[in-house]
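# Breakdown of the fold
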Amino acid sequence: MNAARYAATERLRNGAVLQVRALQPGDRPEMLAAVGRLSSQALYRRFFAPKRSFSEREIDFFLNVDFISHVALVAVLREGERQTIVGGARYVVSPPGCAEVAFAIDDPHQKMGIATHLIRHLIKIARAAGLETFVAEVLPENVPMLKVFERCGLAVTTRSERGVVHVTLALSDPALD
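Summary of the structure given here. (Residues numbered from 1 in each chain as written. Predicted model: local features only at pLDDT ≥ 70, side-chain atom pairs only at ≥ 80, totals over all residues. Heavy atoms only, no water.)

## Quick word on the nonpolar core
With 57 residues, the main nonpolar core has Tyr-91, Phe-103, Ile-114, Leu-118, Leu-122, Phe-134 and Phe-149 as its most contacted residues. Residues within four places of Phe-149 in sequence aside, it is in contact with Val-101, Phe-103, Ile-119, Ala-136, Val-138, Val-156, Val-167 and Leu-169. (Core = buried A, V, L, I, M, F, W, Y, C linked by side-chain atoms within 4.5 Å. Buried < 20%, exposed > 50% of the residue type's maximum accessible area, 1.4 Å probe, protein only. Contact = heavy atoms within 4.5 Å.)

See below:
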């Protein structure tokens, strides 16, 4: 599987067609626009700190992925004549066989099942790459993200420590095959 060319089509709960695809170099303007649609609360849940802007170095990190140790998918909806990036998910390989996952869905498109679709596709890519485990750090009040992990079909373990929930997902679970 070539993760850099990954693309799939899904249907959301409301019937809208969602394209899940690999992040592309030309996505910079749309990605920045999507981040601009994140509320302060959504940004805090994603970055664990108040955040309203990003340095060029941070932007480069988020946009320049190699699709081996750093994989990023975007969720795209057609809105009128435009294709709009409404969210994204990524994983970054840490120790061999393990990757940290993170998600962000813009506020107008939350609670539509987008993160659920994104995690399923990340799992498919990670399994094809031979990864064994996803890990994530989630704020305890980020119940929607915790539910995405609980419902993704993988064996989940959680551990709370200092105001953060550490989530571990076993990719070897065949439930999503």
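Let's pick the thread back up.
## Remarks on the pairing of strand 6 (residues 133-138)
What you see with strand 6 is a clean split: Phe-134, Ala-136 and Val-138 sit on the buried side and Thr-133, Val-135 and Glu-137 on the side with no burial. Where strand 5 (residues 98-105) meets strand 6, 3 bridges bridge the pair, whose relative direction is parallel. Looking at the pairing, Ala-99 lines up with Phe-134 of strand 6. Taken together, strand 5, helix 4 (residues 114-128) and strand 6 form a β-α-β motif whose crossover is right-handed. Bridge analysis of strand 6 against strand 8 (residues 164-170) gives 6 bridges, and the strand direction is antiparallel. For Val-138, the partnering residue across the bridge sits in strand 8 and is Val-165. (Helix = DSSP H or I, 4+ residues; strand = E, 2+ residues; numbered from the N terminus. Pairing = 2+ DSSP bridges. Right-handed = clockwise from strand over helix to strand, strands pointing away.)

## What about helix 1 (residues 28-36)?
Here helix 1 has its buried residues at Glu-30, Met-31 and Ala-34. Projected down its long axis, helix 1 shows its buried positions confined to an angular sector of 100°, all on one face. Exposed residues lying more than 90 degrees from the buried face of helix 1 are Pro-29 and Gly-36. Of the surrounding elements, those touching the buried residues of helix 1 are helix 3 (56-63), strand 3 (70-79) and strand 4 (82-93). (Arc of directions from axis to C-beta.)

## Details of the layout of surface pockets
Each pocket or cavity is described by its volume, and for the largest pocket that value is around 920 Å³. What lines the largest pocket is a set of 40 residues, and nearest its centre among them are Phe-103, Ala-104, Ala-115, Asn-142 and Met-145. When residues of the lining of the largest pocket are traced back to their parent elements, those giving at least two are helix 2 (40-47), helix 3, strand 4, strand 5, helix 4, strand 6 and helix 5 (143-150). Top element by residues in the lining of the largest pocket is strand 5. It accounts for 6 residues. (1 Å grid on protein atoms, 1.4 Å probe; cavity = no way out; pocket = protein on both sides within 12 Å on 5 of 7 lines; lining within 4 Å. Points joined across faces, edges and corners; volume = space filled by probe spheres on them.)

## Digging into the sheet that holds strand 7 (residues 155-161)
Strands sit in the order 1-2-3-4-5-6-8-7 across an open sheet of 8 strands; the sheet is mixed. The open sheet has two free edges, formed respectively by strand 1 (7-11) and strand 7, since each of these has just one partner strand. Between one strand axis and the next, the sheet turns through 25° on average, direction left out of account. Relative to strand 3, strand 2 (residues 17-22) runs antiparallel, the two being bridged by 5 bridges. When the sheet's bridge partners are listed, Ala-22 is paired in strand 3 with Leu-73. (Axes fitted to C-alpha atoms, helices over the stretch in contact; angles between N-to-C directions.)

## Overview of the pattern of salt bridges
In the structure shown here, the tally under the stated rule is 6 salt bridges. A salt bridge links Arg-28 to Glu-56, with the nearest nitrogen and oxygen atoms 2.9 Å apart. Of this pair, Arg-28 sits in helix 1 while Glu-56 sits in helix 3, and the two are 28 residues apart along the sequence. On the basis of relative accessibility, which here comes to 47%, the residue Glu-56 falls in the partly exposed class. Arg-162 is the salt-bridge partner of Glu-161, the closest N and O atoms lying 3.8 Å from each other. Relative accessible area serves as the criterion here: at 29%, Glu-161 is assigned to the partly exposed category. The exposure class assigned to Arg-162 is exposed, which follows from its relative accessible area of 78%. Bridged by salt links that share partners, the residues Arg-159, Glu-161 and Arg-162 form one connected network. (Salt bridge = Lys/Arg side-chain N within 4 Å of Asp/Glu carboxyl O.)

None of the figures reported here should be taken as evidence of function without further support.
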